[in-house]
Amino acid sequence: MGYALRCDGSQAVDLAAVDTRGGGDIVKEAGKGELDALVKELGELQELLYAAGADALLIVLQGMDTSGKDGTIRAVLNNMNPSGIHIWSFKVPTAEERAHDFLWRHHLHTPALSSVAVFNRSYYEAVIVELVKDIVSPEVAVSRYPHINDFELLLDQSRTFVAKFFLHISKETQEERLLARQDEVEKWWKLSLGDWQERQRWDEYMAAYQTAIDATATTWAPWYVVPSDRKWYRNLAVAQALAEMLRPHREDWLAALRERGEQELAALRDAGYASS
């Protein structure tokens, strides 16, 4: 059973019905043990993806403030080779970026074959944050969904796996985490009046996420709704989803590497650098 709710467009998702603490009988100790194994496996899978050079992976992380996007990256991807992974955090668009279409700045950072890219926030801000803040009208936001689907289909057809994660926390948990920041000096750099102000629009944000997920959940770029009130459960859910996405391609990557190795070995033999 998956720890995250996978959404591929086959049916609507009800975010309000998803337990933000997660389900199942797994306990923290067992969950951390399973996470360790999955993180190790993800490192091995990324090495094969990198070596085979035929595919790429884009990980999209979305969620309310304090949902744990940075923490997820640190916990889930820390066994991957840094030379093959790039992390991009998208802030408020610059004047140059606003002079282009809303996908332009993101397309510039999609992963090349053999690499992994993580979008810490993404083009979904253009249909969620910009909608809630009245930067764009509802009509403009709706017009952007087909462009997102086409963009992600293009990535899929270009051999890029797309995994999108909504880190789903409760409003109560967010308040606890915001208050905790005030008590820890090393986290004061995270303090922001804006975080508290955005909480006043919580219901609007949830509605925007609900609509965006329903409009852009596809078989080629599924959404995963990740219960994120418990950090260890959140990390486990993301790691499991990524491993299940990549695992079926392991044998193809190994076959490609064997074929390439045999060709190189034959060349070494012909040149007298290897025994027959």
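Every value quoted in this text rests on a predicted model; they were computed, and no experiment measured them.

How each quantity is defined
Residues numbered from 1 in each chain as written. Predicted model: local features only at pLDDT ≥ 70, side-chain atom pairs only at ≥ 80, totals over all residues. Heavy atoms only, no water. Helix = DSSP H or I, 4+ residues; strand = E, 2+ residues; numbered from the N terminus. Buried < 20%, exposed > 50% of the residue type's maximum accessible area, 1.4 Å probe, protein only. Core = buried A, V, L, I, M, F, W, Y, C linked by side-chain atoms within 4.5 Å. Contact = heavy atoms within 4.5 Å. Pairing = 2+ DSSP bridges. Axes fitted to C-alpha atoms, helices over the stretch in contact; angles between N-to-C directions.

Remarks on unusual backbone geometry
- Non-glycine residue S114 carries a positive phi angle of around 90 degrees.
- Counting through the fold element by element, S114 comes out in the loop between α4 (104–107) and β4 (116–120).
- Backbone geometry at D134 places phi at a positive 65 degrees, although glycine is not the residue there.
- Mapped onto the elements of the fold, D134 is located in the loop between α5 (129–132) and α6 (138–157).
- Since its relative accessible area comes to 61%, D134 is described here as exposed.

A short note on the nonpolar core
- L57, I59, L77, F165 and L242 are the most contacted members of the largest nonpolar core, which totals 39 residues.
- Every element with two or more residues in this core is listed here: α1 (28–52), β2 (56–63), α2 (69–76), β4, β5 (160–168), β6 (223–227) and α10 (231–246).
- At 11 residues, α10 tops the list of elements feeding residues into this core.
- Aside from chain neighbours lying at most four places away, what touches I59 is L77, V116, A117, V118, F119, A163, F165 and L242.
- One finds A117, V129, V162 and V225 within the second-largest nonpolar core, a separate group that totals 37 residues.

A short note on the sheet that holds β4
- Pairing within the open sheet is mixed, and its six strands lie in the order β1-β6-β5-β2-β4-β3. Lying at the two open borders of the sheet, with one neighbouring strand each, are β1 (5–7) and β3 (85–89). Strand-to-strand twist across the sheet, computed as the mean angle between neighbouring axes with direction ignored, equals 20 degrees.
- Summarising the sheet, β3 and β4 pair through five bridges and their orientation is parallel. Across the sheet, the residue bridging to I87 is V118, located in β4.
- Sitting on the sheet, α10 is in contact with β2, β5 and β6, with an inclination near 160 degrees to β5.

This is a description of form; function is not addressed.
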